[in-house]
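Here is how the chains run, residue by residue.
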Amino acid sequence: MIVGRGRPVYEGVAIGRIYVHMKNQVLTDRKCSDIEKEMERFRTAKEKAAEELSALYEKTAAEIGEEQAAIIEVQSLFLDDLDYIEGIEAMIKSGSEAAFSVHEIGDAQASAFAALDDDYMKARATDIRDISDRLVRILTGADQGFRMDEPGIIVAEDLTPSETVSLDKDKILAFVTRQGSSNSHTAILARVMNIPSLVLTDIDIDQSLNGRTMIVDGFTGNYYIDPDEKTLTEMTAKKKSAGEYKAGLEKYRGIESVSRTGRKVKLFANIGSPSDLKYVIDGDAEGIGLLRSEFLYLGRNDFPSEDELFEAYKSVLEAMGGKKVVIRTLDIGADKKVDYFCLAPEENPALGYRGIRICLTEKDIFRTQLRAIYRASAFGTAAIMFPMIISVKEVQEIKEYCSFIEKELHDEGIATGPVELGIMIETPAAAMISDMLASEVDFFSVGTNDLTQYTLAIDRQNEKLDAFYDAHHPAIMRFLEMIASNAHSKGIWAGICGELAGDLSLTDEFLKMGYDELSVAPSRILELRKNVINSEV
Ligand code: PEP
Ligand code: MG
């Protein structure tokens, strides 16, 4: 039995088989020693790709329909496209390895397609990337992407937000990573998914771990690989009692969140995409206080279209049946990287080109998202929230742009519902001028994750600083008190959607400060409601 430790980011016990998640290979320009052999490898890879695509075509046509299958057909056409194939062959003949050549030519041609004006041609960029990825995978012998056949525990060096969104969430029993931090988005995702997770573990990762039995104790931070009988029995009992505790919280389902003295607070959920709705229903959320809409942009090769976004927002609004859904406009940047945004590397990404700064600079991206949200607003109770605000001027510009979008839709005969406009208070600047900002918007929601990062000057992603990252710091508490009071003096509501909202040791404080809403991981809601209902505040 191997016993190790990590830092727990969500409690619970998981027992299952290990799936090792390896990073995508980074390709470098290694020279090949035998050019003719490399050309032959490329030709064989092409044949294999064609076979794979033809099988995929049959499957898609049978299971989904001819129209969807046609997309696969377009990809196979690239295997005969002279520009593409001859470009790759020329690179191999100049001495580069086949996989690197495919990657380089694929990337260059995809960028060229993406830059074209015609929407149909633009969309071909994704096809070239997909076919290139397939060829690289065949050439490098990498497996068919990461796939889980049955539920299991994911062990990885680290997981980026875009890697986590591509995983099959129904099959994940726990995350165990060597890197990561308690405040990273992967940790946040584990909380949404209600699964025990450890970061900063001492685990030695290699493929030999695949399929072995592992126990993850999210209460203590311990893990066990190939557990002995005694450990397995003890941990099975611990898992059972954790399940019983959860079952005991069921009596708090479906009731109002009111303290003993009659203070009411709404308990909302934080989610990343429509696929998280099941956790919202399971968790008994009274609404959605933070839909991190950037997750709809991660794990793909090109921008989602207005219609795709509209369908996603509409499905969430409809599923919530009139309960409020606060959609945060995209907060790309910092640790949430997306290749097709083509963002230049930055020295300090957390202080850089991110969130609302991108939206206000690249209005096309903003427009597509706002149009989709306003269109979806006709199907439920939508609110829009803007991240990383620092000034009144920004808010005024945003409001003006929102009115323009609404009018544009009305002129096109498209209906919209009433939409509240609010902002995240997650920079010290916004907190300090929250009295001024409160006159401009319908609500505030405090992003304590970033507010703590920027107030304490501590990078939330840097695991070495976890011990210094003190979200209970008096500076944060003072800010929280001030923000709620400034909101209420201007007659608007205030909530908290950062991780601190779910900190059960602070529920009384938040009630005293008068917060109207706490938005937390869906799995936290019943426990938080128990706390509110038993509070004497
Ligand atoms: C926050 O900063 O507290 C927040 C809720 O936003 P995110 O964690 O997505 O940055
Ligand atoms: Mg934030």
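Definitions and limits used
- Residues numbered from 1 in each chain as written.
- Chains lettered and ligands numbered in written order.
- Predicted model: local features only at pLDDT ≥ 70, side-chain atom pairs only at ≥ 80, totals over all residues.
- Heavy atoms only, no water.
- UniProt positions renumbered as here; feature names shortened; annotations may be inferred.
- Pairing = 2+ DSSP bridges.
- Helix = DSSP H or I, 4+ residues; strand = E, 2+ residues; numbered from the N terminus.
- Axes fitted to C-alpha atoms, helices over the stretch in contact; angles between N-to-C directions.
- Contact = heavy atoms within 4.5 Å.
- Donors = N, O, S within 2.8 Å, 3.2 Å for Na, K, Ca; no water.
- Buried < 20%, exposed > 50% of the residue type's maximum accessible area, 1.4 Å probe, protein only.
- Core = buried A, V, L, I, M, F, W, Y, C linked by side-chain atoms within 4.5 Å.
- Phe/Tyr/Trp six-rings, centres within 6.5 Å; stacked < 30°, edge-to-face > 60°.
- Near = heavy atom within 4 Å.
- Polar contact = N/O pair within 3.5 Å; in protein donor to acceptor, adjacent residues only side chain to side chain.
- Areas by Shrake-Rupley, 256 points an atom, 1.4 Å probe, with all protein chains shown as cover.
- Nonpolar A, V, L, I, M, F, W, Y, C, P; charged D, E, K, R; others polar.
- Expected span 1.5 Å × (residues − 1).

As annotated in an unreviewed UniProt entry, the protein carries the name Phosphoenolpyruvate-protein phosphotransferase and is attributed to Candidatus Ornithospirochaeta stercoravium. The UniProt entry for the protein carries the following text under Catalytic activity (unreviewed entry): "L-histidyl-[protein] + phosphoenolpyruvate = N(pros)-phospho-L-histidyl-[protein] + pyruvate". Among the UniProt annotations of the protein, the heading Sequence similarities (unreviewed entry) holds the following wording: "Belongs to the PEP-utilizing enzyme family."

K.L.:
Sorry if this is basic, but what is going on with the sheet that holds strand β9 (residues 266-271) here?
P.N.:
What links the strands of a sheet is backbone hydrogen bonding, and the strands pair in either a parallel or an antiparallel sense. In space, the eight strands of this closed barrel follow the order β9-β10-β11-β12-β13-β14-β15-β16, with parallel pairing throughout. Shown here is a sheet whose adjacent strand axes are inclined to one another by a mean of 25°, direction ignored. By the bridge criterion, three bridges tie strand β10 (residues 288-292) to strand β11 (residues 324-328) in an arrangement that is parallel. Bridge pairing links I288 to V325 in β11. The sheet strands contacting helix α19 (residues 525-533) are β9 and β16 (517-520), and the helix crosses β9 at an angle near 160°.

K.L.:
Looking at this model, I keep getting lost on the coordination of the magnesium ion (ligand 2). Mind explaining?
P.N.:
Each pair of donors in an ideal octahedron of six around a metal sits at 90 or 180 degrees, and each pair in an ideal tetrahedron of four sits at 109.5 degrees. Taken together, the protein donors to the magnesium ion (ligand 2) comprise E426 (OE) and D450 (OD), at separations of 2.0 to 2.1 Å. With E426 in the loop between β13 (420-425) and α14 (428-432) and D450 in helix α16 (residues 448-456), this pair connects stretches of sequence that are 24 residues apart. Judged by its relative accessible area of 2%, E426 falls in the buried class. Residue classification places D450 among the buried positions, given a relative accessible area of 3%.

K.L.:
Help me understand unusual backbone geometry, please; the structure alone is not making it clear to me.
P.N.:
Peptide bonds are trans in most cases, and residues, glycine excluded, mostly fall at negative phi. With phi around 65°, N194 is a residue other than glycine that occupies positive phi space. Tracing the backbone shows N194 in the loop between α7 (185-193) and β6 (197-199). The backbone of D284 sits at a positive phi, close to 65°, despite the residue not being glycine. By secondary structure assignment, the location of D284 is in the loop between α9 (277-283) and β10.

K.L.:
Please clarify how the pairing of strand β8 (residues 222-225) should be interpreted in this entry.
P.N.:
Note on strand geometry: in a regular strand, side chains alternate between the two faces of the sheet. Side-chain alternation along β8 places N222 and Y224 on one buried face and Y223 and I225 on a second face that is also buried. Sheet analysis places strand β1 (residues 2-5) next to β8, joined by four bridges and oriented antiparallel. When the sheet's bridge partners are listed, R5 is paired in β8 with N222. Two elements, strand β7 (residues 213-217) and β8, share three bridges in a ladder whose sense is antiparallel. From the neighbouring strand, V216 faces β8, where its bridge partner is Y223. The antiparallel pairing of β7 with β8 creates a hairpin that spans four residues between the two strands, and G221 there sits at a positive phi of about 95°.

K.L.:
Please explain the UniProt feature "domain: PEP-utilising enzyme C-terminal" (unreviewed entry) in the protein as it appears in this structure.
P.N.:
Mapped onto this numbering, the UniProt entry gives "domain: PEP-utilising enzyme C-terminal" (unreviewed entry) at residues 247-535. Span residues 247-535 is 39% helix and 14% strand, its end C-alpha atoms 21 Å apart.

K.L.:
Sorry if this is basic, but what is going on with the nonpolar core here?
P.N.:
If you look at soluble globular proteins, the nonpolar side chains tend to sit buried side by side. Ranked by internal contacts, the top residues of the largest apolar core, which has 90 residues, are F386, F444, L480 and Y515. With sequence-adjacent residues up to four places away left out, F444 is seen in contact with I423, I425, S434, L437, A438, I483, A487, I492, W493, A494 and G495.

K.L.:
How do you make sense of the packing of aromatic side chains when you look at a structure like this?
P.N.:
Centre distance and the angle of the planes are the two values used to describe a pair of aromatic rings. Tallied over the entire structure, the rule returns twelve aromatic pairs. Here F303 and Y340 contribute two aromatic rings whose centre-to-centre distance is 4.7 Å and whose plane-to-plane angle is 70°, an arrangement assigned as edge-to-face. On the criterion of sequence distance, the pair formed by F303 in the loop between β10 and α10 (306-319) and Y340 in the loop between β11 and α11 (356-361) is long-range, its members being 37 residues apart. Given a relative accessible area of 10%, Y340 falls into the buried group. Between F510 and Y515 the ring centres are 6.3 Å apart and the planes differ by 80°, which places this aromatic pair in the edge-to-face class.

K.L.:
Please clarify how the site of ligand 1 should be interpreted in this entry.
P.N.:
Contacts to ligand 1 come from 16 residues, most closely from R292, R328, G447, N449 and R460. Between ligand 1 and R292, the relevant distance is 2.7 Å, taken from an oxygen atom to a side-chain nitrogen or oxygen of the residue. Interatomic distance of 3.4 Å between a backbone N/O atom of G447 and an oxygen atom of ligand 1. In isolation ligand 1 exposes 280 Å². Once the protein is present, 100% of that is buried. For the shell around ligand 1, the secondary structure elements donating two or more residues are α7, β10 and α16. Examining the composition of the shell around ligand 1, we find that three residues originate from one element, α16, more than from any other. Partitioning the shell around ligand 1 into residue classes produces four nonpolar, five polar and seven charged.

K.L.:
Can you walk me through helix α3 (residues 82-93) in this structure?
P.N.:
Structurally, the α-helix is built with 3.6 residues per turn, so residues lying three or four positions apart point the same way. Taking 1.5 Å per residue, twelve residues should reach 16 Å; α3 reaches 16 Å between its end C-alpha atoms and fits that length. Along α3, the residues classified as buried are Y84, I85, G87, I88, E89, M91 and I92. N-capping of α3 is provided by D81, with a side-chain oxygen placed 3.2 Å from the backbone N of D83. Positioned one or two residues after α3, G95 has a phi angle of 110°, which is positive.

K.L.:
What's the story with the sheet that holds β1 in this structure? I'm lost.
P.N.:
Pairing in this open sheet of eight strands is mixed, and the strands run β1-β8-β7-β3-β4-β5-β6-β2 from one edge to the other. Strand pairing shows two members of the sheet lacking a second neighbour, β1 and β2 (7-10), which therefore form its edges. Within this sheet the neighbouring strands show an average axis-to-axis angle of 30°, counted without direction. In this sheet, β6 lies alongside β2 in antiparallel orientation, the contact comprising three bridges. Bridging from a neighbouring strand, Y10 pairs with S197 of β6. Where helix α8 (residues 229-248) meets the sheet, its contacts fall on β3 (13-21), β7 and β8, and the angle it forms with β3 comes to roughly 110°.

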